[in-house]
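Residue-level listing of the chains:
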Amino acid sequence: MKKNLVLIGYGGIGSRLHVPNALKSDVVNLLGIYDIDPEKSKKATENGLYAYPSLEAVLQDERVDLVTIATPNDTHLDLVVTCLKGGKHVICEKPAAMNTEELAVMIETAKQTGKVFTIHQNRRWDQDFLAMKEIYQSGKIGDVFDLRSYIHGSRGIPGDWRREKAHGGGMVLDWGVHLIDQVLQIIPHKISSLYCQLDFLTGAEVDDGFKLYLTFENGCQAHIEVGTYNFISMPRFYMRGRKGSAIITDWQQPTKIVECTEWTEQSEIVPIKTAAGMTKTMAPRDGLSTKEYTWPIPAADVHNFYRNVVKAIDGEEPLAVRLDEVMRVFRVMEAAFASGEKNEVISLSL
């Protein structure tokens, strides 16, 4: 049965993502929005949406089953707790909180009220991520020992509050929360250590990029990198296994796989010449010992996020984005900040 939804926060992601998705959804019915900014409420009304006059009006409306919170990060705690205690199920935009302490309060409130609470980790439905997860699980390139995830741009931190520490700005919290979550969904092992380098290329208040190195207890390593001062981008994903490599150059492209079928080549290695000499080490394989193909782009439907939440409310299936997984990502981010500030490797079992 459809659930009645109210969006709290009619800013960029609220108006451009949540509203269009809700209007097209087969499981939620958008009753309206609430925003503390009168101009945003006016804009919503002009766009044919009902604008609630206050948060109290949202909570007093017995028709409302579910709220989605899409406001600046520092406002999430009060809104989540208030809405849960007000009898509403809650979806919160990422990152859910400013730190693990705030997140713990939210989780405890959800337990006490018996309401469904989850985080909008919508990039679990990105097709590039799903392709890498499928390849890892397929074993096609053998045991994976290296995974790299890059997001690069050249415009610095996008607008307003995301540049301010008080509001929870910066790229670790903005993009890191997604990419860390994706890597932890791909590699099913505990992290044994991490090291992080934070970038402050366009300002000193919050990180505008970072390089995060994770080492897992099985020996696999992951490199997660976000840059906002990159005029040439690295591939979206790169994965190496004992039997081959996989690469996604762009998130709209299929994955290229080169599978090693024979470690020892059947023909003599022909050196390649460089300006200063020649090398056998970096010479390409003869093609008889490898097999090259593309991995199909997986099917994905962003509406499955809301479908899962509605089924969880009805008790039909567990949440896809579990709160213990959200907490784990937060702990990784906090360790990353500590590593970046101290410029040291952090040992942990997480």
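Further up the page is the structure itself.
Residues numbered from 1 in each chain as written. Predicted model: local features only at pLDDT ≥ 70, side-chain atom pairs only at ≥ 80, totals over all residues. Heavy atoms only, no water.

Draft legend 1. Structural view of the pattern of salt bridges. Scanning the entire structure with this criterion turns up 16 salt bridges. Among the ionic pairs, Arg307 bridges to Asp26, the shortest N-O distance being 3.1 Å. In this pair, Arg307 is assigned in helix α8 (residues 304-313) and Asp26 in the loop between α1 (12-24) and β2 (28-34), connecting sequence segments 281 residues apart. A salt bridge links Lys256 to Glu292, with the shortest nitrogen-to-oxygen separation between them at 3.7 Å. On the criterion of sequence distance, the pair formed by Lys256 in strand β12 (residues 255-260) and Glu292 in strand β15 (residues 290-295) is long-range, its members being 36 residues apart. (Salt bridge = Lys/Arg side-chain N within 4 Å of Asp/Glu carboxyl O. Helix = DSSP H or I, 4+ residues; strand = E, 2+ residues; numbered from the N terminus.)

Draft legend 2. Molecular detail of the sheet that holds strand β5 (residues 117-119). Read across the sheet, five strands follow the order β2-β1-β3-β4-β5 without closing on themselves; strand pairing throughout is parallel. The open sheet terminates on both sides in strands that have one partner only, identified here as β2 and β5. Neighbour-to-neighbour, the strand axes of the sheet open up by a mean angle of 20°, direction not taken into account. Two elements, strand β3 (residues 66-69) and strand β4 (residues 89-92), share four bridges in a ladder whose sense is parallel. (Pairing = 2+ DSSP bridges. Axes fitted to C-alpha atoms, helices over the stretch in contact; angles between N-to-C directions.)

Draft legend 3. Summary view of the nonpolar core. In terms of nonpolar packing, the biggest core is built from 102 residues, with Phe117, Leu212, Leu214 and Met239 touching the most fellow members. Ranked by the residues each element gives to this core, the list is headed by helix α7 (residues 171-186), at ten residues. Aside from chain neighbours lying at most four places away, what touches Met239 is Met132, Ile135, Tyr136, Ile141, Val144, Asp146, Leu147, Ile186, Gly244, Ser245 and Ala246. (Core = buried A, V, L, I, M, F, W, Y, C linked by side-chain atoms within 4.5 Å. Buried < 20%, exposed > 50% of the residue type's maximum accessible area, 1.4 Å probe, protein only. Contact = heavy atoms within 4.5 Å.)

Draft legend 4. Representation of the sheet that holds strand β16 (residues 346-347). Taken together, nine strands build an open sheet; the order of strands is β15-β12-β11-β10-β6-β9-β8-β7-β16 and the sheet is mixed. Each end of this open sheet is capped by a strand with a single partner; those strands are β15 and β16. Alignment of β12 against β15, held across six bridges, turns out to be antiparallel. Residue pairing in the sheet places Cys260 in a bridge with Thr290 of β15. Lying over the sheet, helix α6 (residues 127-138) contacts β6 (144-152), β10 (237-241), β11 (244-248), β12 and β15, oriented at roughly 5° with respect to β10.

Draft legend 5. Layout of the side chain of Glu259. Position of Glu259 among the secondary structure elements: in strand β12. No salt bridge forms around the buried Glu259; measuring N to O, its nearest opposite-charge neighbour Lys291 is 4.1 Å away. Discounting chain neighbours no more than four positions away, the residues touching Glu259 are Lys140, Lys243, Gly244, Ser289, Thr290, Lys291 and Tyr293. (Lys, Arg positive; Asp, Glu negative; His and termini not counted.)

Draft legend 6. Geometry of the packing of helix α5 (residues 100-113) against helix α9 (residues 323-342). At a minimum axis distance of 10 Å, the contact between α5 and α9 shows a crossing angle of 170°. By the angle between their axes, α5 is roughly antiparallel relative to α9. Two secondary-structure elements touch here, α5 through Thr100, Glu101, Leu103, Ala104 and Ile107 and α9 through Leu323, Val326, Met327, Phe330, Arg331 and Glu334. Residue composition of the contact of α5 with α9, by class: seven nonpolar, one polar and three charged. (Parallel < 35°, antiparallel > 145°, perpendicular 65-115°, else oblique. Nonpolar A, V, L, I, M, F, W, Y, C, P; charged D, E, K, R; others polar.)

Draft legend 7. Region of the structure containing helix α2 (residues 38-46). Near the N-terminus of α2, the side chain that reaches the backbone nitrogen of Glu39, with its oxygen 2.9 Å away, is that of Asp37. Of the residues trailing α2, Gly48 is marked for its positive phi of about 85°. (Polar contact = N/O pair within 3.5 Å; in protein donor to acceptor, adjacent residues only side chain to side chain.)

Draft legend 8. Inspection of the layout of surface pockets at higher detail. In this model, the largest pocket occupies a volume close to 940 Å³. The wall of the largest pocket is formed by 35 residues, among which Gly12, Ile13, Ala70, Trp161 and Arg162 lie closest to the centre. Elements represented by at least two residues in the lining of the largest pocket include exactly α1, α4 (76-85) and α7. Top element by residues in the lining of the largest pocket is α1. It accounts for four residues. Within the lining of the largest pocket, the residues separate by chemical class into twelve nonpolar, 13 polar and ten charged. In this structure, the second largest pocket spans a volume of roughly 500 Å³. Lining the second largest pocket are 18 residues, and of these Tyr238, Gly244, Ser245, Val258 and Arg285 sit closest to its centre. For the lining of the second largest pocket, the secondary-structure elements that each account for two or more residues are β10, β11 and β12. (1 Å grid on protein atoms, 1.4 Å probe; cavity = no way out; pocket = protein on both sides within 12 Å on 5 of 7 lines; lining within 4 Å. Points joined across faces, edges and corners; volume = space filled by probe spheres on them.)

Draft legend 9. Region of the structure containing a nonpolar patch on the surface. Residues Leu201, Tyr229 and Phe231 make up a contiguous nonpolar surface patch of about 390 Å² in total accessible area. Locating Phe231 in the fold gives a position in the loop between β9 (221-227) and β10. The exposure class of Phe231 is exposed, given its relative accessible area of 64%. (Patch = residues over 30% accessible without salt bridge, like charges linked within 9 Å, V, L, I, M, F, W, Y side chains within 5 Å. Areas by Shrake-Rupley, 256 points an atom, 1.4 Å probe, with all protein chains shown as cover.)

Draft legend 10. Geometry of unusual backbone geometry. Of note, the bond from Lys94 into Pro95 is cis; its omega dihedral lies within 30 degrees of zero at -20°. Mapped onto the elements, Pro95 comes out in the loop between β4 and α5. In this structure, Asn343 takes a positive phi of about 55° despite not being glycine. Examined against the element boundaries, Asn343 turns out to sit in the loop between α9 and β16. Residue classification places Asn343 among the exposed residues on the basis of a relative accessible area of 55%.

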